[in-house]
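Understanding the architecture of this molecule
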Amino acid sequence: MIRLAGVSRTFTGRSGTVEALRGIDLDVAEGEFVAVVGRSGCGKSTLLRLIAGLLPVTEGEITVAGERITKARRDIAMLFQRPALLPWRSVLDNVLLPVEIFGWRRAAYSARAQELLDMVGLGGFEKRLPHELSGGMQQRVSLCRSLIGDPRVMLMDEPFSALDALTREELSVELQRVHMESSATIVFVTHSIDEAVLLADRVVVLSPRPGRIRKVVDIDIPRPRSLGRNAHLEQVARCSADLHELLMERDAPAPAGERG
Ligand SMILES: Nc1ncnc2c1ncn2[C@@H]1O[C@H](COP(=O)(O)OP(=O)(O)OP(=O)(O)O)[C@@H](O)[C@H]1O
Ligand SMILES: [Mg+2]
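An unreviewed UniProt entry lists the chain under the name NitT/TauT family transport system ATP-binding protein, with Streptosporangium subroseum as the source organism.

In structure tokens:
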């Protein structure tokens, strides 16, 4: 569904050149949930913006559903770390914003908007303005907005990182459900190993400067998953430990004799 071949991105500014990503090869299958982890500055957001068509590649090629990405597409939704709602529009009108932008029939989407708001626990808040909601509630509105067009691809850049742990977990479980029901292809950037193990089929570990794929880890834990007590504690612990080790690893590997 998503294919990156030899993708590099360099930023050139007054203060010099930053090689944000180098030689990224990645295939994400239709319906797959891929998490991307890595230290701050290793190019995670850049990777998502490239896939979304918000930023051109310096080298290489990105295709989604076989088509080369040159600009933003309607069937690709992007969810950012901050809610980015329009302050003068009600909750419902914010959710319906893409419907207006793309000139779809509002009547056809109103019921779906309501259903999504109910799903994330915001039934009854339709007429409120964003400033009347907490940060977590605003982010849930953004989630509904990104789902309204039933996107084939969802790109999510640390969407839950500003939320408290419980809300975060709740929304992760919700997102899993959405994913299982809609079979959308999802690329999800996170700083949290727990979140990656909870959500992803595969976890891409990026190494910094320049951002490169260090490893792709398969998470073969049955769904639905939860962070609470479950039957797969051992597997969860093993995957988390592997990822932790990969993230902590030094960038230049030590000489063979010095390693474990
Ligand atoms: N528009 C830009 N202009 C210049 N440099 C940029 C730009 N966007 C990103 N960079 C640089 O590219 C590198 C990767 O940035 P990016 O935002 O993709 O990292 P990240 O992994 O998302 O970090 P974080 O975890 O902190 O969000 C950084 O060194 C950053 O300074
Ligand atoms: Mg980022």
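1. Brief notes about the site of ligand 1
Surveying the vicinity of ligand 1 reveals 13 residues, the closest of which are S40, G41, K44, S45 and T46. Within the complex, 64% of the 640 Å² of free accessible area of ligand 1 lies under protein. For the shell around ligand 1, the secondary structure elements donating two or more residues are β2 (16–28) and α1 (44–52). The element contributing the most residues to the shell around ligand 1 is α1, with three residues. Taken together, the residues that form the shell around ligand 1 break down as four nonpolar, six polar and three charged.

2. So, the pattern of salt bridges
Scanning all chains against the criterion turns up 15 salt bridges. The salt bridge involving R73 is made with D75; its shortest N-O contact spans 2.8 Å.

3. Here we look at the packing of aromatic side chains
Scanning the model with the defined rule gives four aromatic pairs in all. Plain terms: the ring middles of F33 and F188 are 5.9 Å apart, the flat faces sit at 50 degrees to each other, and that makes the pair tilted. Within this pair, whereas F33 is found in strand β3 (residues 33–37), its partner F188 is found in strand β8 (residues 185–189), the two being separated by 155 residues in sequence. Take F33: its relative accessible area is 0%, and that puts it in the buried class. Looking at F188, the relative accessible area reads 0%, which means it is buried. Considering the side-chain rings of W104 and Y109, the 5.3 Å spacing of their centres and the 25 degrees angle between planes classify their relative orientation as stacked. For W104, a relative accessible area of 23% translates into the label partly exposed. Ring pairs connect the aromatic residues F33, F160 and F188, which therefore count as one cluster.

How each quantity is defined
- Residues numbered from 1 in each chain as written.
- Chains lettered and ligands numbered in written order.
- Predicted model: local features only at pLDDT ≥ 70, side-chain atom pairs only at ≥ 80, totals over all residues.
- Heavy atoms only, no water.
- Near = heavy atom within 4 Å.
- Areas by Shrake-Rupley, 256 points an atom, 1.4 Å probe, with all protein chains shown as cover.
- Helix = DSSP H or I, 4+ residues; strand = E, 2+ residues; numbered from the N terminus.
- Nonpolar A, V, L, I, M, F, W, Y, C, P; charged D, E, K, R; others polar.
- Salt bridge = Lys/Arg side-chain N within 4 Å of Asp/Glu carboxyl O.
- Phe/Tyr/Trp six-rings, centres within 6.5 Å; stacked < 30°, edge-to-face > 60°.
- Buried < 20%, exposed > 50% of the residue type's maximum accessible area, 1.4 Å probe, protein only.

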